[in-house]
Every structure is written in structure tokens, then in C-alpha cells.
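# Examining the three-dimensional arrangement
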Amino acid sequence: MSISTLDKKITESSDVETLLSEHISRSVSKVSDPTYELSHALSRDGYLKITEFISEEVKELIRSEAFTLLGKMAKRRDISIPSTGYSPRSLSNVRQEDIAQHGVVIPSVYHSESFMRFIGMLACEEIIPNPWEYEKFIINRLERSGDTHGWHWGDYPYSVIWVLEAPSIDYGGLLQCIPHTYWNKESPKVEEYISKNPIRSYYHASGDVYLLKSDTTLHRVTPLQKDATRVIINMAWERARDKDRKVTHETFAFRD
Ligand SMILES: O=C(O)CCC(=O)C(=O)O
Ligand SMILES: [Fe+2]
């Protein structure tokens, strides 16, 4: 089935739900010990690649919606953020409220029961949609030489990053992570963490999807070495047990 046919067919979130849940069930059943092979790796590294658990149809639907939204609503940002040690954000993005208003597939995947259950299974705790609307999802595009999403932590514990398009490894745009680090928003000590800890670097190709323990994993996307396009969607969830906690939003400057 072509994507445009699929696009027309998917008018209800129940269709996305079925595509997601069938593929997740099939692929999880092939893992002999999910707790050991997946959850343990996530808690050790703060990172887990989950590409194989996501259906190709869902990836294509997400990709086509994201590129349509980018074409109409991308906003360029060139700022640095004090609460993350003045690290840079040099990229374009589509805001949560534009995705929520004009998108169908991205909000449906975000709210999918089977997808949240799957992420909760990997995290070994129940997750819920973020109580704060504006950090539920965002589309980010690096596009010029030097573009980067600088060092930061997430306000919420679990993020899934869908890499929709990425250049080859020699262009840069790598994810770098320092797991088991903690964000003090008044004194982030980013340079100290970088200088005192091993940094893991991960390359992602177009179509890769990964889960990040983003509140306790200091991370960034390295600068592009040349003009190129790297597009991701970030979806973020809260822990069910923290549904009433107070969260401040210092990085909103690049989401408004
Ligand atoms: O682009 C990536 O791979 C990471 C994105 C990210 O860290 C974020 O959106 O907060
Ligand atoms: Fe992040």
C-alpha cells in the first residue's frame, strides 16, 4: 500500500493503535528475556535503540506528516539557554501547539495505549502523557553547517526520538550521552560533567528510533560539519507516580 493511500485511510487514532500494537507484540515476542536485554540496558546506558519494535508503516506516516508540518510551520532558533550552561540551540522546529492543531498521526502515536505500555514495560514503571502540553512533542531540524542541539537534560523522564532523516556519519549530528547525571537548573555544571565522565556517542540513520532516560542523561547532538538535513521528532512522557509534581520549564524559550 502506498503512503498516500495509507494517509487517507488513517483518519482515526484506532488505525495507528492497531499498526503499533501488532508490530510491538510480534517483535517483543522474539526477545527471549526483555527485562534483561532491554530494561537493564536502558537503565545502565540511559539509552536504548528501539527501531526494530516500530512498524515501517507508522514510521512512514509520521515522516510524511512531520515534513508537511516543517514545510508550513518551521521556526528558526539561534539561542543559548542559561539553565543548561548556555549551550546552543541552532535549528528549526515545529512547536507542540502547531503539531497538536494540524497533525493527526503524531498526536495519535503519542497517546497510543500500546505504545505507552511498551515504553512503560522498558522503563519498568507506568508512564503517562505529560501534564504540561507544550513538552509533549516537537519536531527539530538541523539544516546548516554548525547547527546543533547543545548539551541539556529533559524536564520529563522518558523521551522517544524518531530520527526521520539523517545524513551519513561523516556529517556529524551524533547523539552524545552521559547517563546518571542530574540537572540542577541553578547550577548545571555541564562542563564539569563533560570533563569528569565518559561520553558515549551514537550514530542514527534515517528510520532509527531510540528511547532516552532524558532527565538523568546529559545529552546533545554534535554540530553538523557541513550543510545537511537531520530531522527528528521528540515525544516525552511523565511517570504516573509523579503526575502531580511541579515542573519548571526553563528551556521553553526554544519551544514558544
Ligand atoms: O536529535 C536528537 O537525536 C536528540 C533530540 C533531543 O535531545 C531533544 O529533542 O531534546
Ligand atoms: Fe533532549
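Below or above, wherever it landed, is the structure these notes cover. Keep in mind the model is a prediction, meaning the values are calculated, not measured. (Residues numbered from 1 in each chain as written. Chains lettered and ligands numbered in written order. Predicted model: local features only at pLDDT ≥ 70, side-chain atom pairs only at ≥ 80, totals over all residues.)

Moving on, we get to the overall build of the chain. When you go through the chain residue by residue, the secondary structure sums to eight helices and twelve strands. Relative to the globule expectation of 18 Å for 256 residues, the C-alpha radius of gyration of the chain, 17 Å, shows essentially globular dimensions. If one aligns the C-alpha atoms of the chain with their principal axes, the spans along those axes are about 50 × 40 × 40 Å. Out of the 256 residues belonging to the chain, those deemed buried represent 39%. (Helix = DSSP H or I, 4+ residues; strand = E, 2+ residues; numbered from the N terminus. Rg over C-alpha atoms; globule rule 2.2 N^0.38 Å. Buried ≥ 20, exposed ≤ 12 C-beta atoms within 10 Å, placed from the backbone.)

With that out of the way, let us pick up helix α4 (residues 56-73). Here α4 contains 18 residues, and its C-alpha end-to-end distance of 25 Å stays within 8% of the 26 Å for a straight helix at 1.5 Å per residue. Within the span of α4, buried status applies to V58, L61, I62, E65, A66 and L69. Looking straight down α4, one finds that the buried residues subtend no more than 125° of arc, so they occupy a single side. Those residues of α4 that are exposed and angled more than 90 degrees off the buried face are E56 and G71. (Expected span 1.5 Å × (residues − 1). Arc of directions from axis to C-beta.)

Counting buried positions over the six residues of strand β5 (residues 137-142) gives six, a clear majority of the element. Across three bridges, strand β3 (residues 87-94) lies against β5 in antiparallel orientation. Bridge pairing links S92 to R141 in β5. For β5 and strand β12 (residues 230-239), the ladder comprises six bridges, and the chain directions are antiparallel. In the strand pairing of β12, F137 is matched with M235. (Pairing = 2+ DSSP bridges.)

Before going further, it helps to spend a moment on helix α3 (residues 34-45). The end-to-end C-alpha distance of α3 is 16 Å, a good match for the 16 Å that twelve residues give at a rise of 1.5 Å each. Of the residues trailing α3, G46 is marked for its positive phi of about 70°.

This brings us to the site of ligand 1. Near ligand 1 the following residues occur: N140, H149, I161, L175, H219, V221, I232 and N234. At the level of secondary structure, the elements contributing two or more residues to the shell around ligand 1 comprise β11 (217-221) and β12. Class assignment for the residues of the shell around ligand 1 results in four nonpolar, four polar and no charged. (Near = placed C-beta within 6 Å. Nonpolar A, V, L, I, M, F, W, Y, C, P; charged D, E, K, R; others polar.)

Another point: the environment of L224. Mapped onto the fold, L224 is located in the loop between β11 and β12. In this structure the C-alpha to C-alpha distance between L224 and Q96, which are 128 residues apart in sequence, comes to 25 Å. Those residues in contact with L224 that lie beyond four places of it in its chain are L142, R144, S145, G146, D147, Y171, G172, G173 and R230. (Contact = placed C-beta atoms within 7 Å.)

In this section: the nonpolar core. Counting residues in each nonpolar core, the largest one holds 60 residues, and the members touching the most others are I62, I106, V109, I119, W162, L211 and I233. Those residues in contact with I106 that lie beyond four places of it in its chain are I62, E65, A66, I99, F137 and I233. (Core = buried A, V, L, I, M, F, W, Y, C linked by C-beta atoms within 7 Å.)

To continue, consider the pairing of β12. Counting buried positions over the ten residues of β12 gives eight, a clear majority of the element. Note: strand β4 (residues 127-129) against β12, three bridges, orientation antiparallel. Across the sheet, residue I128 finds its bridge partner in β12, namely E238. With seven bridges joining them, strand β7 (residues 158-165) and β12 adopt antiparallel strand pairing. Paired with Y158 across the two strands is W237, which belongs to β12.

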